[in-house]
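Remarks on the overall topology
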Amino acid sequence: MKSILETDELGFYGEFGGAYIPELLYPSVQELKEAFFKYKGDEDFIAEFKHLLKDYVGRPTPLYFSKKLSEKHGAQIFLKREDLNHTGAHKINNTIGQILLAKRMGKTQIVAETGAGQHGVATATVCALMDMECTIYMGAKDIDRQAPNVERMKYMGAKVVSAESGSKTLKDATNEAIRHWINNPDTFYLIGSVVGPHPYPAMVAYFQAVISEEIKKQLLQKTNHEKPDIVIACVGGGSNAAGAFYHFYDDENVRLIAVEAGGLGIKSGKSAATAVLGKPGVIHGSYTLLMQDAYGQIVEPHSISAGLDYPGIGPLHAATISSGRVEAIAINDNEALNAAQLLAKSEGIIPALETAHALAALNHCEFKKNDVVVINLSGRGDKDMQTLLNNKYDESTF
Amino acid sequence: MKALFKNQSKPLLSIFTTAGYPKIDDLDRQLALFDSKNVNFIELGIPFSDPMADGPTIQETSTIALQNGMNLDILFGQLNERKSTLPIVLMGYLNPILLFGLERFLELSKKANVSGFIIPDLEIDLYQERYKSIFEAFEIPVCFLVTPRTTDARIQKAAELSKNGFVYLVSTNSITGGEVAGNNKLSARYEEIKSLCGATPVMIGFGISDRHSFNGAAKNLNGGIIGSAYLKALKKGEETEFLNQF
């Protein structure tokens, strides 16, 4: 049987994906495609990738059994601690992979986009490590909202450029990074999620696949289960979800739940629930589901978490959600805030606001007593302290 | 469109303007101006919120046009009522076209006597695999882009697909609104490209800002397209003066 993860020649997962790119980018995308498919099976490349993940990033990340959440929800709940990676989130798995590829391609300059700044920090980090020149585009609004991450990037030697066009957030930073790549074709564009033209979605998913690879091994060691019954992950573009689902996509017995940002509610007009509200279309080089108005203009989404307010979703997610393989749930801002507070008070772990959406999804699922549930704890919440403190949570939840 | 290239005695001038800019109903006025000047055909931009291959000038006009309320229904209404007979090529990103409905878009384009399309994010292989048969049913040519970096084989493919329109040669590897790199190496490459395109006309664009750069870039080709420089003049209300130089 054909794997869900397999694309066709043009990079489509069924209906979604492809490379909708201007001719100006074609040679660069082609060069990248050739390099990725050459090195993804190369022993030396994989050995170097694994070595850095272990000694530099700190992998494997623990699979932690949460006794309290398990008791509360009546299932066996595990947290995959991606928040314990170097730089505090799963993002670095991908930046390590791509920087090694860039190095093998002889590149010396890197450009990337960032929303909340997590991918920007992870990119600045690997650029410092590999002595690469680093330019990060970040929406002017996000630069204001995420000042500490801007400082971290700069401190490691990256140049942070403010994206002043359009709505001045992640989608505009992505446009600017793509324009930079067009104008500087020798640059390596280090994309942060499973979005963009083929081969990016497949490549980023491949580098994040280590998450589910470890989940499988660790679960077997801890519980004798060969696989979880349910995996839950939040989705903006969808890189942590792609990594957490990767090795389970083709096993229909594993329920996969993608959690989107419902913002103020999916009917409020202030939401980032692309799977529910999006229609098929082209954004940033990929045919996928996206938030758009009646005339195909891209709509700015809303979420309390800067990492989830992307108007599109990776084409792999669009394909698997449309086919019913993956279930999509929307979690509102206030539910995410409550879930963050709950985890902080009950387990002493402050999750990123993005991750808090995945945690809140527990309240929307019905479990059987012995269900093994894995939640991908994609990032830590230090960057969100201001938001967490400014927003009152509902005491009655506890 | 074909007749235009067949009968040309000098490089053709095409002007790019954004539909709905600076005012939503400014198209007729600009078309009348083009009619009175040495403009051979129009490239009319369909505004899009996220124009990936365009620089700040065209993006700004798109944003304003969208704020003015421009959309495809209004645009086709304006095209149907236009008095000018100058050929019009529609330039737009794929997303608004797909959401509008590709066949509906093509049908209305046919009705409005549109001469061709430029769709920068419609990549050649994808076009052939997924969209070509739909476009061909309506017999309006898609004009594909090539750059100096495009391989010879791909240039020939673009020329074959664009044979009823023209190949759009992007002067340099950069987004719109930059400068033409007018060095000899590129001029030699332009000539190679022209010869690779065979009978398909070649129009050059991106970075042409005045008569001087037009003459330099378009010589030995079928003509040139001016966008950002015209829009900058339009913004200042100096479009007539700008066109007077040609």
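Residues numbered from 1 in each chain as written. Chains lettered and ligands numbered in written order. Predicted model: local features only at pLDDT ≥ 70, side-chain atom pairs only at ≥ 80, totals over all residues. Heavy atoms only, no water.

For chain A, the count of helices and strands is 16 helices and 14 strands. The C-alpha atoms of chain A give 19 Å as radius of gyration, which agrees with the globular expectation for 398 residues (21 Å, within 12%). Counting only C-alpha atoms, chain A reaches 55 × 45 × 40 Å along its principal axes. Roughly 14,500 Å² of accessible area belongs to chain A as shown, and the carbon and sulfur atoms make up 49% of that amount. (Helix = DSSP H or I, 4+ residues; strand = E, 2+ residues; numbered from the N terminus. Rg over C-alpha atoms; globule rule 2.2 N^0.38 Å. Areas by Shrake-Rupley, 256 points an atom, 1.4 Å probe, with all protein chains shown as cover.)

All names here are of chain A. The domains assigned to chain A are domain 1 (19–52 + 91–204) and domain 2 (58–88 + 209–397). Inter-centroid distance (C-alpha atoms) of domain 1 to domain 2 is 23 Å. Domain 1 puts 30 residues into the contact, and the matching count from domain 2 is 31 residues. Both sides of the domain 1 and domain 2 interface together cover about 2,300 Å² of buried area, and 59% of this is carbon and sulfur. A per-residue breakdown of the area domain 1 buries against domain 2 is headed by Y20, K171 and V194, which together make up 24% of the total. At the surface where domain 1 touches domain 2, the tally comes to ten residue pairs in polar contact (both at pLDDT 80 or more). Looking at which element gives the most residues to the side of domain 1 that touches domain 2, the answer is helix α8 (residues 170–183), with five residues. When the residues that make up the side of domain 1 that touches domain 2 are grouped by side-chain class, the tally is 13 nonpolar, twelve polar and five charged. (Domains from an automatic or database assignment. Contact = heavy atoms within 4.5 Å. Buried area = accessible area lost by both parts, 1.4 Å probe. Polar contact = N/O pair within 3.5 Å; in protein donor to acceptor, adjacent residues only side chain to side chain. Nonpolar A, V, L, I, M, F, W, Y, C, P; charged D, E, K, R; others polar.)

Once that is clear, we can look at the sheet that holds strand β14 (residues 372–377) of chain A. Residues and elements named next belong to chain A. Strand order in the open sheet made by the six strands is β3-β4-β14-β9-β10-β13, with mixed pairing throughout. Strands at the two margins of the open sheet, each flanked by one partner only, are β3 (63–65) and β13 (326–332). On average, adjacent strands in this sheet sit at an angle of 25° to one another, irrespective of strand direction. The sheet strands contacting helix α10 (residues 210–223) are β3, β4 (76–81) and β14, and the helix crosses β4 at an angle near 135°. (Pairing = 2+ DSSP bridges. Axes fitted to C-alpha atoms, helices over the stretch in contact; angles between N-to-C directions.)

With that settled, the discussion passes to the pattern of salt bridges. One pass over the structure, following the stated rule, counts 35 salt bridges over all chains. We note a salt bridge from R179(A) to E176(A), for which the minimum N-O separation is 3.1 Å. Taken together, the residues span about one helical turn, with R179(A) and E176(A) both in helix α8 at a distance of three residues. Take R179(A) and E176(A): they sit in the same class, and that class is buried. Here R154(B) ties to E123(B) by a salt bridge, and the two come within 2.9 Å at their closest N and O atoms. Highlighted residues: R154(B) in helix α8 (residues 152–161) and E123(B) in the loop between β4 (116–118) and α7 (124–138), separated in sequence by 31 residues. For the pair shown, R154(B) and E123(B) are each scored as buried. Here the residues in one salt-bridge network are E23(A), E123(B), D125(B), R154(B) and K157(B), joined through shared partners. (Salt bridge = Lys/Arg side-chain N within 4 Å of Asp/Glu carboxyl O. Buried < 20%, exposed > 50% of the residue type's maximum accessible area, 1.4 Å probe, protein only.)

It is worth spelling out the packing of aromatic side chains at this point. Under the criterion given, the structure shown has 31 aromatic pairs over all chains. Counting every residue linked through ring pairs, the aromatic cluster contains F36(A), F37(A), Y39(A), F45(A), F49(A), Y206(A) and F207(A). Stacked on the ring of Y39(A), the Lys or Arg R104(A) has its end atom at 5.8 Å from the ring centre. Over the ring of Y26(A) we find R154(B); its NZ or CZ atom is 3.2 Å from the centre of that ring. (Phe/Tyr/Trp six-rings, centres within 6.5 Å; stacked < 30°, edge-to-face > 60°. Lys NZ or Arg CZ within 6 Å of the ring centre and 35° of its normal.)

At the junction of the two partners, chain A supplies 40 residues and chain B supplies 39 residues. Of all residues in chain A, the largest losses of buried area upon contact with chain B belong to E23(A), L24(A) and Y295(A), amounting jointly to 23% of the total for that side. For the interface between chain A and chain B, the tally reads two salt bridges. The closest approach of N and O atoms between K171(A) and D50(B), which form a salt bridge, is 2.9 Å. Along the contact surface separating chain A from chain B lie 17 residue pairs in polar contact (both at pLDDT 80 or more). At the level of elements, α1 (26–39), α8, β11 (279–283) and β12 (286–290) of chain A are the ones that each hand at least two residues to the side of chain A that touches chain B. Here the element with the most residues in the side of chain A that touches chain B is α8(A); it accounts for eight residues. Residue composition of the side of chain A that touches chain B, grouped by class: 19 nonpolar, twelve polar and nine charged.

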